[in-house]
Amino acid sequence: MNELTRRDEMSLAGAALRGAPWKAAAVSGGAVAGTSFLMGLVLPGPPDLTWALCLGISVFTLVSAIGAISKPDQGDRVTQQARRWSLRHPWRFALYPGVGAAVLMYPVQLVIDREGVFGAAWDALWGGALVYLVTGLLALTMRGRARGNG
């Protein structure tokens, strides 16, 4: 059997994300972050900017990842094959949005929350793990869309 290396998997996940709904993901993530922060202003207790930004990053990552693989028959041939691979291997695909979310959350935790290097890494890791889990579960439910040998 021809096993894929981590580099090959990363290339496939990146190709699957080509043509993701980036604008919709940014609007969704921004709306969720803004709403979360505004709810903190309205409700009792102090608003938490770090929580709002990390929640927005999570939604941004989820919308872009799931939006990318939701229509595996759109795009060029390479993109279609990569999206089908992603649907056939949901947990391998979900690793990359999870890592991406953790990387985006780390500076938020470090700079805005002033947690320190290790505390920020720990919180960002947990946020990325949650994105990994949700992305993997959603991609797993969409698995039936992957048809063909791609």
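Residues numbered from 1 in each chain as written. Predicted model: local features only at pLDDT ≥ 70, side-chain atom pairs only at ≥ 80, totals over all residues. Heavy atoms only, no water.

## Quick notes on the nonpolar core
Step number 1: Ranked by internal contacts, the top residues of the largest apolar core, which has 16 residues, are Ala16, Leu17, Ile69, Phe93 and Met142.
Step number 2: Tallying contributions element by element places helix H3 (residues 49-69) first for this core, with four residues.
Step number 3: Setting aside chain neighbours within four positions, we find phenylalanine 93 in contact with Ala13, Ala16, Leu17, Ala65, Ile69, Trp85, Ser86 and Thr135.
Step number 4: Counting residues in hydrophobic clusters, the runner-up holds eight residues, among them Cys54, Ala101, Met105 and Ala124. (Core = buried A, V, L, I, M, F, W, Y, C linked by side-chain atoms within 4.5 Å. Buried < 20%, exposed > 50% of the residue type's maximum accessible area, 1.4 Å probe, protein only. Helix = DSSP H or I, 4+ residues; strand = E, 2+ residues; numbered from the N terminus. Contact = heavy atoms within 4.5 Å.)

## Considering the pattern of salt bridges
Step number 1: Under the definition given, this model contains four salt bridges.
Step number 2: Put simply, aspartate 76 and arginine 18 hold a salt bridge, and the shortest N to O gap is 3.2 Å. Residue aspartate 76 is found in the loop between H3 and helix H4 (77-88), and its partner arginine 18 is found in the loop between helix H1 (6-16) and helix H2 (22-42); the two are separated by 58 residues along the sequence.
Step number 3: For aspartate 76, a relative accessible area of 38% translates into the label partly exposed.
Step number 4: Salt-bridge contacts for arginine 84 lead to aspartate 73; the nearest nitrogen and oxygen are separated by 2.8 Å. Here arginine 84, found in helix H4, pairs with aspartate 73, found in the loop between H3 and H4; they are 11 residues apart in sequence, far enough to count as distant.
Step number 5: For arginine 84, a relative accessible area of 14% gives the class buried.
Step number 6: Judged by relative accessible area, aspartate 73 falls into the partly exposed class, the value being 36%.
Step number 7: One network of salt bridges, in which partners are shared, links Arg6, Glu9 and Arg92. (Salt bridge = Lys/Arg side-chain N within 4 Å of Asp/Glu carboxyl O.)

## Structural notes on the environment of leucine 62
Step number 1: Relative to the elements of secondary structure, leucine 62 occurs in helix H3.
Step number 2: Considering only alpha carbons, one finds leucine 62 and threonine 5, 57 residues apart in sequence, at a separation of 25 Å.
Step number 3: If sequence neighbours within four positions are ignored, leucine 62 has contacts with Gly67, Val131, Val134 and Thr135.

## So, the packing of aromatic side chains
Step number 1: In this structure the tally under the stated criterion is three aromatic pairs.
Step number 2: Seen in terms of ring centroids, tryptophan 22 and phenylalanine 60 are 5.9 Å apart; in terms of plane orientation they differ by 40°. Their pairing is tilted. Separated by 38 residues along the polypeptide, tryptophan 22 in helix H2 and phenylalanine 60 in helix H3 bring together distant segments of the chain.
Step number 3: Relative accessible area serves as the criterion here: at 41%, tryptophan 22 is assigned to the partly exposed category.
Step number 4: By relative accessible area, phenylalanine 60 is classed as partly exposed at 24%.
Step number 5: Summarising the aromatic geometry, the rings of tryptophan 122 and tryptophan 126 are spaced 5.7 Å apart at their centres and angled 80° between planes, so their arrangement reads as edge-to-face. In this pair, tryptophan 122 and tryptophan 126 are both assigned in helix H6 (residues 117-141), four residues apart and thus about one turn of the helix distant. A single burial state applies to tryptophan 122 and to tryptophan 126, both of which are exposed. (Phe/Tyr/Trp six-rings, centres within 6.5 Å; stacked < 30°, edge-to-face > 60°.)

## Topic: a nonpolar patch on the surface
Step number 1: A contiguous nonpolar surface patch, about 500 Å² in accessible area, is contributed by Leu38, Met39, Leu41, Val42 and Leu43.
Step number 2: The topology assignment puts leucine 38 in helix H2. (Patch = residues over 30% accessible without salt bridge, like charges linked within 9 Å, V, L, I, M, F, W, Y side chains within 5 Å. Areas by Shrake-Rupley, 256 points an atom, 1.4 Å probe, with all protein chains shown as cover.)

## Overview of the packing of helix H5 (residues 90-112) against H6
Step number 1: Closest axis-to-axis distance for the H5/H6 pair is 7 Å, and the angle between their directions is 150°. One element, H5, and the other, H6, form an angle in the roughly antiparallel class. Considering only the axes of H5 and H6, their crossing is right-handed.
Step number 2: Residues that form the contact of H5 with H6 fall into these classes: 21 nonpolar, six polar and one charged. (Axes fitted to C-alpha atoms, helices over the stretch in contact; angles between N-to-C directions. Parallel < 35°, antiparallel > 145°, perpendicular 65-115°, else oblique. Left-handed = near helix turned anticlockwise from the far one by under 90°. Nonpolar A, V, L, I, M, F, W, Y, C, P; charged D, E, K, R; others polar.)

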